[in-house]
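Results of the structural survey
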Amino acid sequence: MQWKRLNNGDWQAMGDKGDFLVWKIRRGFYKARYRSKDKKLRFELPGGDIERVKKCCEENFYWE
């Protein structure tokens, strides 16, 4: 998976089984979620600064 910046400023990493999405909540604070392609699995990850949130996604079991 590789991070790509979307037109709205969010970050997304797409894989064969699902995707991670990181979005800005407020200045300097971001949230993330994972969603499987079949939409049966969805969860949010801890928030924080952009580097911390991306790292949390990359270290997740579902990162491909």
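Residues numbered from 1 in each chain as written. Predicted model: local features only at pLDDT ≥ 70, side-chain atom pairs only at ≥ 80, totals over all residues. Heavy atoms only, no water.

1. A closer look at the nonpolar core
The condition is simple: The nonpolar core is taken to be a set of buried Ala, Val, Leu, Ile, Met, Phe, Trp, Tyr and Cys residues, with the residues joined through side-chain atoms within 4.5 Å. The buried label applies to any residue whose accessible area, calculated with a 1.4 Å probe on protein chains only, is under 20% of its type's maximum; exposed applies above 50%, and partly exposed to all values in between. Secondary structure elements follow DSSP: runs of H or I of four or more residues count as helices, runs of E of two or more count as strands, with numbering from the N terminus. Here a residue-residue contact requires only that any non-hydrogen atoms of the pair lie within 4.5 Å.
The biggest cluster of nonpolar side chains holds 11 residues, and these are W3, A13, F20, V22, Y30, A32, Y34, L45, I50, V53 and C57. Listed by contribution, the elements that provide at least two residues to this core are β3 (18-26), β4 (29-36) and α1 (50-58). Beyond its immediate chain neighbours, meaning those up to four positions away, V22 contacts W3, D10, W11, Y30, K31, A32, I50, V53 and C57.

2. Description of the sheet that holds strand β1 (residues 3-5)
Definition in use: Strand pairing requires that DSSP identify at least two bridges connecting the strands. Whenever a helix is involved, its axis is fitted only over the stretch in contact; in every case the axis is a line through C-alpha atoms, and angles between N-to-C directions fall within 0 to 180 degrees.
If you walk across this open sheet you meet the 5 strands as β1-β2-β3-β4-β5, and the pairing is antiparallel. Here the strands that pair on one side only, and so sit at the sheet edges, are β1 and β5 (42-48). Strand-to-strand, the axes of this sheet are offset by a mean angle of 20 degrees, without reference to chain direction. Pairing geometry for β4 and β5, over 5 bridges, is antiparallel. Residue pairing across strands places R35 opposite R42, the latter belonging to β5. Packing against the sheet, α1 makes contact with β1, β2 (11-14), β3, β4 and β5, and its axis sits at approximately 145 degrees to β5.

3. Some points on the packing of aromatic side chains
For any pair of aromatic rings, the description consists of the separation of the ring centres together with the inter-plane angle of the planes. The condition that has to hold: Here the aromatic set is Phe, Tyr and Trp, taking the six-membered ring for Trp, and pairing holds for ring centres within 6.5 Å; pairs whose planes are under 30 degrees apart are stacked, those over 60 apart are edge-to-face, and all others are tilted. Over a ring means this: the NZ of a Lys or the CZ of an Arg is within 6 Å of the ring centre and within 35 degrees of the ring normal.
Enumeration according to the criterion identifies 7 aromatic pairs in this entry. On the numbers, 5.5 Å between centres and 40 degrees between planes, the contact of F20 with W63 is tilted. Linking F20 in strand β3 with W63 in the segment after α1, this pair joins segments that are 43 residues apart in sequence. An angle of 50 degrees between the planes, with centres 5.8 Å apart, marks the rings of F43 and Y62 as tilted. Here F43 is found in strand β5, whereas its partner Y62 is found in the segment after α1, with 19 residues between them in sequence. What makes F43 partly exposed here is its relative accessible area of 21%. Residue Y62 is classed as partly exposed on the basis of its relative accessible area of 34%. Taken together through their ring pairs, the aromatic side chains of W3, F20, Y34, F43, F61, Y62 and W63 make up a single cluster. The lysine or arginine in question, R26, covers the ring of F29, its NZ or CZ lying 4.6 Å from the ring centre. The ring centre of W11 lies 3.4 Å from the NZ or CZ of K54, which sits over that ring.

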